[in-house]
Amino acid sequence: MQPSVHDAGGDALAATAPFVLDAGAGTAVAPSGGGKHLEHGTLAADAPDGGQFLAGVFADVDGDGKDDLVAAAARTGAHIPPDVLFFPGAGASLGAPKIIQPAPKFGGGDSCIPGAKISTVLGGVRVEVSAVCDASPGNNSARQTTIFTAKTGDLQARASLTIARNDDRFTVDGRVEDRDNDGSPDVTLTLAVGKTELPIAYLDRAGGLVVDRAEPSKTFAKEASVVRMVARDASLTKARELAALHGALCGPKAFVVTYPDARPSCGERAVVDLNLGHALATLPSDPPSAILLYERAAAEGATAADEKVFLAALTKVAPKKAPLTAKFLTAVPDLMVGDPSFGPLAFGADGALLVREAARTTRVEAATDVEAVLADAIPWDRSAKTPDGAFSLVEAWDNCDGVTGRATLAPEKGADTKDPLLPIVPRLRPKNCGNHGVILPVLPVRLGDALYAYVDGEPLKFAAPYANAEPSSTRNFLANPAPFGAPLAPKGGAIAVGGRFGVVVAKAKVGSATALTSFLVGFGDPKDGPLSHCTTNDDGTFVACVQKGRAIVGHL
C-alpha cells in the first residue's frame with residue numbers, strides 16, 4: 001500500500017524553508033453545521049461541495065504572520081479517509097483551499113468510517129487520516145500520519161507512516177529538527193506503544209530526504225538494555241511494548257509502511273538482549289519461570305556466552321544442590337500424549353513416585369527406589385482441563401506479528417471454542433510461521449479456581465469466561481493441591497521445573513507472602529539434553545524428571 005504523499009503532486013521530498021512552528025501552536029476547532037463549517041475569530045471556511053470537515057487547526061504555519069487553516073475533509077457518504085486541505089491566511093480571511101494530500105488508498109468497505117486528527121508539532125504539522133472498518137472481507141483499516149512543513153503560502157508533505165491495521169495501542173508522532181547540526185531541517189517520525197517509542201529518522205540533503213540508517217536499531221538496542229534493569233513486572237511491560245514495535249516495523253508480518261521507504265531494521269543483537277534481559281529480570285522473584293524464559297531466549301539467538309551469564313545469575317538466587325542419590329528407572333514414562341498435557345510422573349499421597357507407562361502404572365518406593373507395577377491402577381487424565389471440566393487447553397500460539405499471542409480452549413460439549421489473549425512477550429524472531437502462527441510451549445501446573453500454566457515461560461491464569469489470560473507467578477501456584485502429573489507437589493508445598501541447566505526446585509519462603517526459596521539440582525547426563533516433565537514431593541526432598549525418554553529420580 002503506497003502512502004499518498006507520493007500522490008500529492010510535486011516534489012514531496014524537496015528541501016523546506018527553516019521551520020517556524022512550535023509544538024501545540026494554533027487552535028484546534030471542531031467543525032460546525034454538520035461538518036460544513038470551520039470558524040475561528042474572523043476566519044471561516046466552508047467544506048468542499050459534497051464533503052464535510054472532520055478536523056481543522058488554525059495556525060500561522062508558514063511564518064507570514066497570518067493564521068492559516070489545515071483541515072481534513074471527507075466526501076459525504078464515502079468510506080475512505082479524508083483529503084487534507086490547506087487554506088492560506090489572507091489577513092481577516094482565508095485564501096482558496098488546495099488539496100495538499102489526497103485521500104490515501106485504503107478503506108472502501110461499507111463499514112469503514114473516515115477519521116482525522118491534526119496538530120502542530122515541533123517544526124511542522126502532523127495530520128493523521130484513517131479509515132476504521134470491521135473485519136469483513138475486503139475491508140482495509142489503516143491510519144496514515146504525515147508530517148507537513150511550510151514554505152511561503154503552502155504546506156508540503158515530507159514523510160509519512162501508515163499502520164495497516166486497526167490497533168489503537170500504536171500512536172504516531174513526529175517533529176522537524178536539525179538532527180545532524182548541518183543547518184537543515186530533518187524529519188523524525190515516532191511509533192509508540194505505551195511509554196516506549198522508536199524513531200524513523202530522515203536527514204535533509206540537497207536531493208531531498210534520506211533515511212538515517214542508525215534508527216530505529218540504535219533506540220531499540222538502548223530500550224532493550226533497560227529490560228534487564230527493572231523489576232519483573234516493569235520488565236514484562238517494557239518487553240511487550242518493544243516486541244509490539246518490533247513486530248510492526250521489523251517482524252515477519254510487519255504492518256507499518258513508511259514514505260520515503262525506510263525499510264527499518266531493529267538490530268539482531270537487541271532481540272537477544274531483550275529476551276535475555278527479561279529472563280534475568282524475572283530471576284530474583286521467580287527462578288522457575290526464568291529458566292523457561294531463557295529457553296525462549298535460546299530459541300531466538302542467545303549464545304554460549306549468554307548462557308554463561310544467565311547460569312551465573314541463576315546460581316546466585318538458586319544455589320546448586322547435588323542430589324544424595326540419583327537413579328534412572330526401568331519404568332518407561334509414556335511420552336506419546338500430545339502437549340499441552342500433565343506429565344507421566346506424579347507423587348502419591350504416601351510419598352511414593354508413580355510412573356505412568358504406555359499400558360500400566362509403576363510405583364517407586366521413596367525410601368528404596370524399588371519399582372513395582374500396580375496391576376489395578378487407573379491411569380490419570382493428563383489433559384489440561386479447566387476446573388469445571390468444560391474446556392481443555394489444547395494449544396498456545398503466537399501470531400508472528402509481534403502483538404498477538406493466544407491460547408485455544410476446546411469445549412468438551414457443544415460450547416464455542418475460546419481463544420483467550422495471552423499477556424506474554426510475543427516472539428521477536430519466530431520460526432516456521434504459518435497462517436496460524438507458531439506454537440508455543442505450555443506447561444500446565446495446577447487447577448483450583450482456574451487453570452494455571454506456564455506459557456512460553458510466563459506463569460498465567462485461565463479463568464472463566466476465558467476472554468483473556470491473566471499474569472500470575474510461581475508463588476501463586478504453591479500451597480494448592482496439584483493434579484497428578486503436575487510439576488507441583490501433591491499438596492502444593494514445592495514445585496520442580498526442568499530445563500537445560502537442571503531442575504529448579506522452589507518452595508514458599510518462610511515469612512513472606514510473595515518470595516520463593518529455590519535451589520538448582522543437576523542430575524542425569526548433560527549430554528542427554530534438558531530435563532522435562534519434572535515433579536517433586538511436598539518438602540522438596542525427592543525429585544523426578546524425564547531425560548531422553550527415561551525417568552530419573554533424585555533424593556536431596
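Higher on the page you've got the structure.
These remarks concern the structure in this document. (Residues numbered from 1 in each chain as written. Predicted model: local features only at pLDDT ≥ 70, side-chain atom pairs only at ≥ 80, totals over all residues. Heavy atoms only, no water.)

**Details of the state of the cysteines**
Disulfide: a covalent bond formed between the sulfur atoms of two cysteine residues.
Thinking step 1. For the structure on display, the rule yields 4 disulfides.
Thinking step 2. Bridging Cys112 to Cys133, the disulfide has an S-S length of 2.0 Å. What sets the handedness of the Cys112 and Cys133 disulfide is the S-S torsion sign, and at about 110° it is right-handed. Here Cys112, found in the loop between strand S7 (98-101) and strand S8 (113-121), pairs with Cys133, found in the loop between strand S9 (124-132) and strand S10 (142-151); they are 21 residues apart in sequence, far enough to count as distant.
Thinking step 3. The side chain of Cys250 participates in a disulfide bridge whose partner is Cys266; the two sulfur atoms lie 2.0 Å from each other. Where Cys250 bonds to Cys266 through sulfur, the torsion about that S-S bond is close to 70°, and the disulfide is right-handed. Taken together, the residues Cys250 in the loop between helix H2 (232-249) and strand S16 (256-259) and Cys266 in the loop between S16 and helix H3 (268-282) connect sequence positions 16 residues apart.
Thinking step 4. Each disulfide in the protein links cysteines that, numbered along the sequence, combine into the pattern 1-2, 3-4, 5-6, 7-8. (Disulfide = S-S within 2.5 Å. Helix = DSSP H or I, 4+ residues; strand = E, 2+ residues; numbered from the N terminus.)

**Considering the pattern of salt bridges**
Thinking step 1. Applying the stated criterion to the full structure yields 29 salt bridges.
Thinking step 2. A salt bridge links Arg143 to Glu128, with the nearest nitrogen and oxygen atoms 3.7 Å apart. In this pair, Arg143 sits in strand S10 while Glu128 sits in strand S9, placing the two residues 15 residues apart along the sequence. Residues Arg143 and Glu128 agree in their burial class; the two are buried. (Salt bridge = Lys/Arg side-chain N within 4 Å of Asp/Glu carboxyl O. Buried < 20%, exposed > 50% of the residue type's maximum accessible area, 1.4 Å probe, protein only.)

**Regarding helix H1 (residues 217-226)**
Thinking step 1. Buried residues of H1: Thr219, Phe220, Glu223 and Ala224, and no others. Projected onto a plane normal to the axis of H1, the buried residues spread over an arc of 135° and lie on a single side. Away from the buried face of H1 by more than 90 degrees, exposed residues Lys218 and Lys222 are located. (Arc of directions from axis to C-beta.)

**Some words on the layout of surface pockets**
Thinking step 1. Considered as a void within the structure, the largest pocket measures approximately 550 Å³ in volume.
Thinking step 2. Along its surface, the largest pocket is lined by 27 residues, and Leu292, Pro441, Val442, Leu443 and Ser532 are the ones closest to its centre.
Thinking step 3. Broken down by secondary-structure element, the contributors of at least two residues to the lining of the largest pocket are helix H4 (287-299), strand S25 (442-446), strand S26 (451-455), strand S29 (494-499) and strand S32 (532-536).
Thinking step 4. When its residues are assigned to classes, the lining of the largest pocket shows 14 nonpolar, 8 polar and 5 charged. (1 Å grid on protein atoms, 1.4 Å probe; cavity = no way out; pocket = protein on both sides within 12 Å on 5 of 7 lines; lining within 4 Å. Points joined across faces, edges and corners; volume = space filled by probe spheres on them. Nonpolar A, V, L, I, M, F, W, Y, C, P; charged D, E, K, R; others polar.)

**A look at the packing of H4 against helix H5 (residues 304-317)**
Thinking step 1. Remark: H4 packs on H5, axes separated minimally by 11 Å, with the N-to-C direction vectors making an angle of 175°. Relative to H5, H4 is oriented roughly antiparallel. Together, Pro287, Ala290, Ile291 and Tyr294 of H4 and Asp306, Glu307, Phe310, Leu314 and Val317 of H5 make up the contact between the two elements.
Thinking step 2. Looking at the contact of H4 with H5, its residues break down into 7 nonpolar, no polar and 2 charged. (Axes fitted to C-alpha atoms, helices over the stretch in contact; angles between N-to-C directions. Parallel < 35°, antiparallel > 145°, perpendicular 65-115°, else oblique. Contact = heavy atoms within 4.5 Å.)

**Let's talk about the sheet that holds strand S33 (residues 542-547)**
Within a sheet, each strand pairs with its neighbour through backbone hydrogen bonds, oriented either parallel or antiparallel.
Thinking step 1. One open sheet accounts for 4 strands, arranged S17-S34-S33-S32; its pairing is antiparallel. Of all strands in the sheet, those bounded by a partner on one side alone are strand S17 (325-328) and S32. Pairwise comparison of adjacent strand axes, ignoring direction, gives a mean angle of 15° for this sheet.
Thinking step 2. Alignment of S32 against S33, held across 3 bridges, turns out to be antiparallel. Looking at the pairing, Thr536 lines up with Val543 of S33. (Pairing = 2+ DSSP bridges.)

**A closer look at the sheet that holds S26**
Thinking step 1. Within the open sheet, the 4 strands sit side by side as S25-S26-S27-S28. Their pairing is antiparallel. Among the strands making up the open sheet, the edge pair consists of S25 and strand S28 (470-471).
Thinking step 2. Judged from the 5 bridges that link them, S26 and strand S27 (residues 458-462) form a sheet pairing that is antiparallel. By the bridge assignment for S27, Tyr452 is matched with Lys461.

**Description of the packing of aromatic side chains**
The geometry of an aromatic ring pair is captured by two quantities: the separation of the ring centres and the angle between the planes.
Thinking step 1. This model, assessed by the stated rule, comprises 10 aromatic pairs.
Thinking step 2. Relative to Phe484, the ring of Trp380 has its centre 5.3 Å away and its plane inclined at 90°; by these criteria the two rings are edge-to-face. Placement of Trp380 in the loop between strand S21 (371-374) and strand S22 (391-398) and of Phe484 in the loop between helix H6 (474-477) and S29 is noted, with a sequence separation of 104 residues between them.
Thinking step 3. Judged by relative accessible area, which is 34%, Phe484 ranks as partly exposed.
Thinking step 4. Counting every residue linked through ring pairs, the aromatic cluster contains Tyr294, Phe310 and Phe501.
Thinking step 5. Over the face of the ring belonging to Phe519 we find Lys321, whose NZ or CZ atom lies 4.5 Å from the ring centre.
Thinking step 6. Cation over ring: Arg550 sits above Phe328, and NZ or CZ is 3.7 Å from the ring centre. (Phe/Tyr/Trp six-rings, centres within 6.5 Å; stacked < 30°, edge-to-face > 60°. Lys NZ or Arg CZ within 6 Å of the ring centre and 35° of its normal.)

**Section: the pairing of strand S12 (residues 170-177)**
Thinking step 1. Burial along S12 is one-sided: Phe170, Val172, Gly174 and Val176 are buried, and none of Thr171, Asp173, Arg175 and Glu177, which face the opposite way, are.
Thinking step 2. As defined by bridge partners, S12 adjoins strand S13 (residues 186-193) across 8 bridges and the pair is classed as antiparallel. Within S13, the residue paired with Val172 across the bridge is Leu191.

**A closer look at the packing of H3 against H4**
Thinking step 1. It is the contact of H3 with H4, at a shortest axis distance of 8 Å, that shows an interaxial angle of 170°. The orientation of H3 with respect to H4, classified from their angle, is roughly antiparallel. Between H3 and H4, the residues in contact are Asn275, Leu276, His278, Ala279 and Thr282 and Pro287, Ser289, Ala290, Leu293, Tyr294, Arg296 and Ala297, respectively.
Thinking step 2. Tallied by class, the residues present in the contact of H3 with H4 amount to 7 nonpolar, 4 polar and 1 charged.

**Points about the side chain of Ser473**
Thinking step 1. Secondary-structure assignment places Ser473 in the loop between S28 and H6.
Thinking step 2. What makes Ser473 buried here is its relative accessible area of 15%.
Thinking step 3. Those residues within four positions of Ser473 in sequence are excluded, and the remaining contacts are Arg232, Asp286 and Pro459.

**Considering unusual backbone geometry**
Thinking step 1. Backbone torsion omega between Asp339 and Pro340 reads 0°, so that peptide bond is classified as cis.
Thinking step 2. Along the chain, Pro340 falls in the loop between S17 and strand S18 (345-347).
Thinking step 3. The omega angle of the peptide bond from Ala464 to Pro465 is 10°, so this bond is cis rather than trans.
Thinking step 4. Of note, Pro465 is situated in the loop between S27 and S28.
Thinking step 5. The backbone of Arg263 sits at a positive phi, close to 40°, despite the residue not being glycine.
Thinking step 6. Mapped onto the elements, Arg263 comes out in the loop between S16 and H3.

Remember, this is a structural readout, not a statement about activity or role.
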